[in-house]
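Examining the three-dimensional arrangement
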Amino acid sequence: MSDDKTQEMHRRLMVLFKNHSEMADAYISQFGTEINMKNIQTIRAAFPGLGDTTSTPVASTEEPEVEAPKDAMDMVFKFSDKALETPQGDPTKESPLYPRVVDCPICKKWGLNSQELRAKSLSVMNDPFMAPVYKSTGQFQEVNYLLASVTVCEGCLLASPDRKDFVLYNRTTRQNQESQLAPQVIRELKETTDKRKAFFEKNGIGDALFKIPRSYAAAIVSYQFADIRAEIEANAKVQGAYFKRGNYWTRIALLCRQAGMDDKLPLKIAAEHFKTAFYMSDFPKAELECQTIYTLFNLFLYFGKPKEARDYLNVLEKNRQDLEKADNPSEEILASIRKWLEMGKSRWEDRDEPNFWKTPGL
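The residue count restarts for each chain, going from 1 along the sequence in the order it is written. Owing to the predicted nature of the model, reporting of local features is limited to residues with pLDDT of at least 70; listing and counting of side-chain atom pairs is limited to 80 or more, with chain, interface and lining totals taken over all residues. Side-chain metrics in this entry use all non-hydrogen atoms of the structure; hydrogen atoms and water are not considered.

As a further point, take the nonpolar core. Judged by nonpolar contacts, the single largest core of 86 residues is most densely connected at Phe77, Phe79, Leu209, Phe225, Leu255, Phe278 and Tyr312. A helix here means a DSSP run of H or I that spans at least four residues, while a strand means a run of E at least two residues long, and both kinds are numbered starting from the N terminus. Every element with two or more residues in this core is listed here: β5 (132-136), α5 (193-203), α6 (216-235), α7 (241-258), α8 (264-280), α9 (286-302), α10 (306-325) and α11 (331-349). In terms of residue count, α6 provides more of this core than any other element does, 12 residues in total. Ignoring sequence-local partners within four residues, the contact set of leucine 255 consists of Asn144, Leu146, Leu147, Tyr216, Ala219, Ile220 and Tyr223. If you look at the next biggest cluster of nonpolar residues, it comprises 14 residues, including Ile106, Leu158, Leu181 and Ile232. To form a nonpolar core, buried Ala, Val, Leu, Ile, Met, Phe, Trp, Tyr and Cys residues must be joined to one another through side-chain atoms within 4.5 Å. A simple rule labels every residue: compare its accessible area, found with a 1.4 Å probe on the protein chains alone, to the largest value its type can have, and call it buried under 20%, exposed over 50%, or partly exposed in between. Pairs of residues are marked as contacts when any of their non-hydrogen atoms sit within 4.5 Å.

Written out as structure tokens, the structure is:
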């Protein structure tokens, strides 16, 4: 195995094992440079009391620890009255949404209710965890695109905010563009349709899931169904699946806040998926890895764990230093690391400001 890969894995494991080098050394010696969560538990068991990061931090040491669901279908929300409401835009203004014809690659249902966002129709700001908050640019209705972004098949409950996961009709070629989902993922989705239908009955949202724009509650459930799909992708080792899962849950957390609900458990679930993505280096682009490290920094800071937050910021700092010393560093990657590192340092310096955790628009 290459020295570079070993050093990079050691750096990741140091974050995982809270800077206990002996644990990182033991992992690499015993299991090599491939991350496996069962192997991580084996090392933890061999070093009792050291590097214990099995629980994601909660907002306060006085609050009881709440365990994150192990399966995407285990989480059923209790929705507030506001969550069941569907925000309405100004009917005198143009809608920023337009329909896109997509078909389901699983059950072959055609003409699904899929809505794209018109270019430059809404401005976007990010909350502290990089979830998007949408604002009108003036000409268009005020629409929270999170209430419409996930396409859900009424037949088999395949769900995704990425239209390429469905079968698209290309107007230029007048041909269908097949789904980008891997064959093994499509096969698993077909075999688990009954499980998704059972979850649909369990959460009690009903047909509101298919009406766009949705209520906050239906939008939350739409992202849960997207996570169910991404969990299958993760099990099939599709690159970027854990990154997707983390992002889905930061969006669920944002929707919870917008609906007047608590966001701690969704953020805890997001942190677990982002941590797995980081330890496995599960990213299609270096930019997304930097974003994930920055998001983890903010999540740990939010949960009152500044030391662990700094550990993630230090990863970016170390990556910056290593690249700057390299003979022919990628300027694109270096620029990305510098950008996210500066954002993190700025957040760290402002952490005592009164509106530090304020969500735009709330």
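On to α9, then. Multiplying 1.5 Å by the residue count of a helix minus one yields the expected span of that helix. For α9, with 17 residues, the first-to-last C-alpha span of 25 Å sits near the 24 Å given by 1.5 Å per residue. The buried fraction of α9 is high, at 15 of 17 residues. Directly after α9, the chain includes glycine 304, whose backbone phi takes a positive value near 75°.

If a strand is regular, its side chains alternate between the two faces of the sheet. For two strands to count as paired, DSSP must find a minimum of two bridges between them. Bridging between strand β2 (residues 102-103) and strand β8 (residues 167-170) involves two bridges; their strand directions are antiparallel. Along β8, the bridge assignment pairs aspartate 103 with valine 167. Relative to strand β9 (residues 175-177), β8 runs antiparallel, the two sharing three bridges. Residue pairing across strands places tyrosine 169 opposite asparagine 176, the latter belonging to β9. Connecting β8 to the next strand, β9, in antiparallel fashion are four residues, including arginine 174 with a positive phi near 55°.

Our next topic: α7. For an α-helix the count is 3.6 residues per turn, leaving residues at separations of three or four pointing the same way. In this model, α7 (18 residues) spans 26 Å end to end at C-alpha, consistent with the 26 Å of a helix rising 1.5 Å per residue. Taken across its 18 residues, α7 has 17 buried, putting it largely inside the fold. Downstream of α7 by one or two residues, glycine 260 has phi in the positive range, about 75°.

This brings us to the environment of glycine 89. Within the secondary structure, glycine 89 is located in the loop between α3 (37-46) and β1 (97-99). Taking relative accessible area as the criterion, glycine 89 reaches 24% and is therefore assigned partly exposed. Taking the C-alpha atoms as reference, glycine 89 lies 9.2 Å from asparagine 144; in sequence the two are 55 residues apart. Beyond its immediate sequence surroundings of up to four residues, glycine 89 is in contact with Gln141 and Glu142.

As far as function goes, none of this settles anything; it's purely spatial.
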